[in-house]
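Below are the chains, spelled out letter by letter.
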Amino acid sequence: MATVSRHVRTARGAITTSPLLVLAIAIALLAGLALLPLTVPIGPMYWDLFVYFDAANRILDGQVPINDFFTPVGPLGYYVFAGAVRLFPDAQPALLVHWSWLVVTAPLLALVVTDVDRRSRGIAFALLIPFLVFAILPFNTRSFYPFPGSDGFGIYNRQASQLLYILAAALIFMRSQRRLALVVMLAMLALFFGKITGAVAGGLLCCFAFVAGRISLRHAAAAAAGFLAVLAAIELSSGMVSHYISDILALVSMNEETLAPRFAQSVSLNFGMLMSGLLLAATVAFAEHNRITADLSAVWREKTLRAIARLLDNEALWLVVALFTGILFETQNTGSQSLILVWPAVLAVLLRAGRLTDSPKMLVATLALAGACVLPPLTIIGERAARAYVGALRNTSLSHEHLKTLGAVNARPEVMQRTQRMMPFLAEHRDTFDRLAYIKELPSPLLFSDPDFQLGQLIGMDHAIGNLLELEKQSGIRFATIMSLNFVNPYPWLMDRTAPMHLAIGADPNRAVPATDNAEMEAIRDVDIAILPTCPLTTANTQLLKLYGEGLKQHSRIRLDDCNDAFVNPRLAGKLPAR
């Protein structure tokens, strides 16, 4: 009887300390928070969030990403958010868009930690806890403004970074070949349909894992076959895959001149972690030089793939590959959780650090370099979260009527006051700022990062919606289809209307808006109203107006309010009251 009781207590203890239980509790707590009407401090480029609402509105209207409208990245994140916003309609958007990605990552992470937990609960938690920090705190590892605020940008970069973390953890620590093949297949699909550069980076990890013998030929072939089968099924049912590849090629052609300097920028921005990691790899290689020499001799003597795999499958090389993969992925990112995929590789190094106990200096060097390599993302994200949320205790919430949860933000009182002063000033001096836009200059190089600009955009949208509703009431018409000559178009979501098909979301004319075709021009000609923000007019606004101007030729331009112009379809313009 005592033996049975002891086994029951052991089983209960195993359950209560299970990594899966911790993961489940974390998800349940986040779901609870998503039900609350929270506000967060507005941060730089916060309007990137609005792109997700534009996409969600289109999806819920029956439009299909890629096929029916151009997207800057893959469709998966938009589908996940569309489902999340239906399930949690009152959730704060910056939190919801970040937390909802756990629908993708949590099952994959559960497969990894379950496999690792069978051998070592400590290692399972060492993989789980850092990931939860990255998955819970919606912050990038780099700040783009002196004031603390929420990161509403770099969302799909963070999503891909978290998938690469899980993929690296699986390839390094999983032992079940079946489960590993499943994780590889699902992670690569999520990366492919999330952000294609993440899939390229993940492919590099998988190729190295294969040649290093971490995944067998049979299981690698099974993962590849499953991946291709899913792509084939989607292509045959909708044609999305071929359209997606075509869009990717269009984006590459638009951004090809930026690739080389961005690689240098990626190295410079992550130089501290990169150099610490490379020095750590060199230290490990030096400590393992006898083993490496023996493996090299075996390759020369045996000349077999198995000998080559033994040589490649060492912690130093895994770390170098993880660093290179991370740097390559970051070349196309503005805002991300940079290089978090390095943590599993460094953990593998630390688990073998015990063999260095005979050389205290080498052990200290290994531990110091490991800390310098993996701690910066954790400490930076933790510090940024603390600054933002503690500082928000004295912030003022944005007052609005028509913004739904997009208006669930707060800001420092002085920032709010500056915004209230600047908007009428910008309207009064509109001609000056218009001329600035037409010479292709912004009022400030940091304009899109300025919290008062982001607040001004929200306030301008709130006023525009109020005036649109009043205009509809006076004229008896309804603007069913709304577009925006701006980077973002949240109006259809906020007003329960429809966005025009074919037009790009996240309309950055310099990087993510391809040349217009006949279908797009027809959609623009049919649009009921197009809104142009003017406080201030930006270079991007003027470029979009030029790009889409042909389709708006017959529309009547009106002054909607001091900070918004509108182009009204000719079949509706005659019904407008005199202004």
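J.: Break down the state of the cysteines for me, with residues and values.
T.: This structure, assessed with the given rule, holds one disulfide. For C206, which is in no disulfide, the shortest distance to another cysteine sulfur is to C207 and amounts to 7.0 Å. Classification of C207 by relative accessible area gives exposed; the value is 52%.

J.: Requested: an account of the pattern of salt bridges, with residues and values cited.
T.: Inspection of the entire model under this criterion finds 23 salt bridges. Salt-bridge contacts for E288 lead to R291; the nearest nitrogen and oxygen are separated by 2.7 Å. E288 gets classed as buried once you look at its relative accessible area, which sits at 9%. Residue classification places R291 among the partly exposed residues on the basis of a relative accessible area of 27%. Between R430 and D434 there is a salt bridge; the shortest N-O distance is 3.4 Å. Here R430 pairs with D434, and both are found in helix α21 (residues 430–438), just four residues apart, close to one helical turn. By relative accessible area, R430 is classed as buried at 11%. Look at the salt bridges and you will find they share partners, linking E288, R291, D295, E315 and R352 into a network.

J.: So what's going on with the pairing of strand β5 (residues 529–533)? Residues and values would help.
T.: In terms of burial, β5 is a largely internal element, five of the five residues being buried. Burial along β5 is two-sided: the face carrying I529, I531 and P533 and the face carrying A530 and L532 are both buried. Taken together, the three bridges between strand β4 (residues 482–484) and β5 define a ladder with parallel strand orientation. In the strand pairing of β5, M483 is matched with A530. Strand direction decides the pairing type here: β5 and strand β7 (residues 564–568), joined by five bridges, are antiparallel. When the sheet's bridge partners are listed, P533 is paired in β7 with N564.

J.: Any chance you could break down the sheet that holds strand β3 (residues 409–411) for me, citing the residues and the numbers?
T.: A sheet is described by the order of its strands in space; here three strands give the open sequence β1-β3-β2, paired in mixed fashion. What marks the edges here is a single partner per strand, and that holds for β1 (40–41) and β2 (396–397).

J.: Talk me through helix α4 (residues 76–87); I want residue IDs and the actual numbers.
T.: Because each turn of an α-helix spans 3.6 residues, side chains separated by three or four positions end up pointing in the same direction. Spanning 12 residues, α4 covers 17 Å between terminal C-alpha atoms, matching the ideal 16 Å at 1.5 Å per step. The complete set of buried residues in α4 reads G77, Y78, V80, F81, A82, A84 and V85. Close packing links the buried residues of α4 with α3 (48–60), α5 (93–99), α6 (102–117), α8 (155–173) and α23 (491–495).

J.: Any details on the environment of L468? Residues and values, ideally.
T.: When you line up the elements, L468 lands in helix α22 (residues 451–475). Looking at L468, the relative accessible area reads 0%, which means it is buried. Expressed as a C-alpha distance, the spacing of L468 and L128, which sit 340 residues apart in the sequence, is 49 Å. With residues near it in sequence (within four places) discarded, L468 still touches F479, M495, I529, I531 and L560.

J.: How would you summarise the nonpolar core if you had to cite specific residues and measurements?
T.: Core analysis: the largest hydrophobic core is formed by 164 residues, its most contacted members being V342 and F479. Take this core: its biggest share by element is 13 residues, from α8. Excluding its chain neighbours within four sequence positions, the residues that come into contact with F479 are L468, L471, E472, R497, D528, I529, V568, L572 and L576. Core analysis: the second largest hydrophobic core is formed by 21 residues, M483, L503, L537 and L544 among them.

J.: Tell me what's going on with the packing of α6 against helix α7 (residues 121–136), and back it up with residues and numbers.
T.: When two helices pack together, their arrangement is given by the angle between the helix axes and the distance between those axes. One can describe the packing of α6 onto α7 by two numbers: an axis separation of 8 Å at closest approach and a directional angle of 165 degrees. As far as their axial angle goes, α7 and α6 are roughly antiparallel. Crossing handedness for the pair α6 and α7: right-handed. Contacts from L102, T105, L109, V112, V113, V116 and D117 of α6 reach α7 at R121, I123, A124, L127, L128, F131 and A135. Class assignment of the residues belonging to the contact of α6 with α7 gives a composition of 11 nonpolar, one polar and two charged.

J.: Could you give an account of the pairing of strand β6 (residues 556–561), with specific residues and numbers?
T.: Alignment of β6 against β7, held across five bridges, turns out to be antiparallel. Looking across to β7, one finds that R559 is bridged to D565. If you look at the hairpin formed by β6 and β7, you'll find two residues sitting between the two strands.

J.: Break down the packing of aromatic side chains for me, with residues and values.
T.: What the rule picks out here adds up to 19 aromatic pairs. Ring centres 5.8 Å apart and planes at 75 degrees place the aromatic pair Y52 and F81 in the edge-to-face group. A residue pair is termed long-range when its members are at least 10 positions apart, and Y52 in helix α3 and F81 in helix α4 qualify at 29 residues. The pair Y52 / F81 is uniform in exposure class, with both members buried. Geometrically, the ring pair formed by F192 and F193 is edge-to-face, given 5.0 Å between the ring centres and 85 degrees between the ring planes. For the pair formed by F192 and F193, the shared burial category is buried. A connected cluster of aromatic rings, assembled from ring pairs, spans Y52, F53, Y78, F81 and W493. If you follow R412 out to its NZ or CZ, it ends over the ring of F147, 4.2 Å from the centre.

Criteria and cut-off values
In this convention, every chain numbers its residues from 1, walking through the sequence in written order. This being a predicted model, a pLDDT of at least 70 is required before a residue's local features are given, and a value of 80 or more before pairs of side-chain atoms are given or counted; all residues contribute to the totals for chains, interfaces and linings. To get the side-chain values, all heavy atoms of the structure are used, and hydrogens and water are removed first. Disulfides are defined in this document as cysteine sulfur pairs within 2.5 Å. A simple rule labels every residue: compare its accessible area, found with a 1.4 Å probe on the protein chains alone, to the largest value its type can have, and call it buried under 20%, exposed over 50%, or partly exposed in between. Between Lys or Arg on one side and Asp or Glu on the other, a salt bridge is scored when a side-chain nitrogen of the former is within 4 Å of a carboxyl oxygen of the latter. Numbering goes from the N terminus for both helices and strands, where a helix is a DSSP run of H or I of at least four residues and a strand is a run of E of at least two. What makes two strands pair is DSSP finding at least two bridges between them. Multiplying one less than the number of residues by 1.5 Å gives the expected span of a helix. In what follows, a contact means two residues having at least one pair of non-hydrogen atoms within 4.5 Å. In this description, a nonpolar core means a group of buried Ala, Val, Leu, Ile, Met, Phe, Trp, Tyr and Cys residues linked to one another through side-chain atoms lying within 4.5 Å. Only the stretch in contact is used when fitting a helix axis, every axis being a line fitted to C-alpha atoms; angles between N-to-C directions are given from 0 to 180 degrees. If an angle is under 35 degrees, it is roughly parallel; if it is over 145, roughly antiparallel; if it lies from 65 to 115, roughly perpendicular; otherwise it is oblique. Here is the rule for handedness: rotate from the far helix to the near one, and if that takes an anticlockwise turn smaller than a right angle the crossing is left-handed, while a clockwise turn gives right-handed. Residues are grouped as follows: Ala, Val, Leu, Ile, Met, Phe, Trp, Tyr, Cys and Pro are nonpolar; Asp, Glu, Lys and Arg are charged; all remaining types, including Gly, are polar. Think of it this way: a Phe, Tyr or Trp ring, Trp meaning its six-membered ring, pairs with another when their centres are within 6.5 Å, and the plane angle makes it stacked under 30 degrees, edge-to-face over 60, tilted otherwise. In this scheme, the term charge over a ring applies when either NZ of a lysine or CZ of an arginine sits within 6 Å of the ring centre and within 35 degrees of the ring normal.

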